[in-house]
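For reference, the chains in residue letters:
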Amino acid sequence: MNSLILTTMTRLLVPLILALAIFILLRGHNAPGGGFIGGLLGAIAFALIEKAQGLAAARKALRFEPMTVAGLGLGAALLAGLWGGLAEGDFLRGMWPFYAPVPEGGMTGWPIGSVLLFDIGVCLVVLGSVTGILFALEETVSEAKETGKDASWK
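The name given to the chain in an unreviewed UniProt entry is MnhB domain-containing protein, with Aureimonas populi as the source organism. UniProt's Subcellular location (unreviewed entry) comment on the chain is quoted here verbatim: "Cell membrane". In the Sequence similarities (unreviewed entry) part of its UniProt record, the chain is described as follows: "Belongs to the CPA3 antiporters (TC 2.A.63) subunit B family."

Structure, rendered in structure tokens:
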């Protein structure tokens, strides 16, 4: 699509959407949100790039093949599960190496652990899967346009 308005707004919106995706990912660690919604927001940013600048620009912006991103996410989620399994004997048990209770009550430290790693993994799986589907659909439509075939489902 050759739209000056869409191209200009994409340059403005994509960094904001990606920042929001990271915020939602981190916020969802302790509140509604999390990896799934963060991944969907990230995929929206790449969909916007694809619509404004084309598939090649979106692939270049993602930097990795979508299935590689999804595979990395799956590996991160699996690692988060194994972390709890190897340390405490329960697969997917939350591990908090920098977060501990204090004698006066409450907790202190950084709430960074296996749960955040799992959320990051989910985010990457969703981002890779959704962009992979989007890119595949766009390639199918582009090929149909080039060959003159009908790309609609029948």
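So much for the structure itself; the text now carries on.
Caption draft 1: Layout of the pattern of salt bridges. Per the stated rule, a full pass over the model turns up 5 salt bridges. Note that Glu65 is salt-bridged to Arg59, the shortest N-O span being 3.2 Å. On the accessibility criterion, Arg59 (25% relative accessible area) is partly exposed. Between Arg59 and Glu139 there is a salt bridge; the shortest N-O distance is 2.6 Å. Highlighted residues: Arg59 in helix α3 (residues 55–62) and Glu139 in helix α5 (residues 114–147), separated in sequence by 80 residues. According to the relative accessible area criterion, Glu139 is partly exposed, its value standing at 30%.

Caption draft 2: Broad picture of the side chain of Glu50. With respect to the helices, strands and loops of the structure, Glu50 is situated in helix α2 (residues 35–53). By relative accessible area, Glu50 is classed as buried at 4%. In this structure, Glu50 is in contact with Leu55, Ala58 and Glu138, ignoring residues within four places of it in sequence.

Caption draft 3: How the structure looks around the layout of surface pockets. Taken as a whole, the largest pocket spans an internal volume of roughly 150 Å³. Taken together, the elements giving at least two residues each to the lining of the largest pocket come down to α1 (4–27), α2 and α5. Here the lining of the largest pocket takes 4 residues from α1, the largest share from any one element. For the lining of the largest pocket, the residue count by class is 7 nonpolar, 3 polar and no charged.

Caption draft 4: Representation of the nonpolar core in the model. Core analysis: the biggest nonpolar cluster contains 13 residues, and Val14, Phe46, Ile49, Leu62, Leu127 and Phe135 have the highest contact counts within it. Listed by contribution, the elements that provide at least two residues to this core are α1, α2, α3 and α5. Counting residues per element, this core draws most heavily on α2, at 5 residues. Here Phe46 is in contact with Leu18, Ala58, Ala61, Leu62, Leu127 and Thr131, once residues within four sequence places are set aside.

What counts, and where the lines are drawn
- Residues numbered from 1 in each chain as written.
- Predicted model: local features only at pLDDT ≥ 70, side-chain atom pairs only at ≥ 80, totals over all residues.
- Heavy atoms only, no water.
- UniProt positions renumbered as here; feature names shortened; annotations may be inferred.
- Salt bridge = Lys/Arg side-chain N within 4 Å of Asp/Glu carboxyl O.
- Buried < 20%, exposed > 50% of the residue type's maximum accessible area, 1.4 Å probe, protein only.
- Helix = DSSP H or I, 4+ residues; strand = E, 2+ residues; numbered from the N terminus.
- Contact = heavy atoms within 4.5 Å.
- 1 Å grid on protein atoms, 1.4 Å probe; cavity = no way out; pocket = protein on both sides within 12 Å on 5 of 7 lines; lining within 4 Å.
- Points joined across faces, edges and corners; volume = space filled by probe spheres on them.
- Nonpolar A, V, L, I, M, F, W, Y, C, P; charged D, E, K, R; others polar.
- Core = buried A, V, L, I, M, F, W, Y, C linked by side-chain atoms within 4.5 Å.

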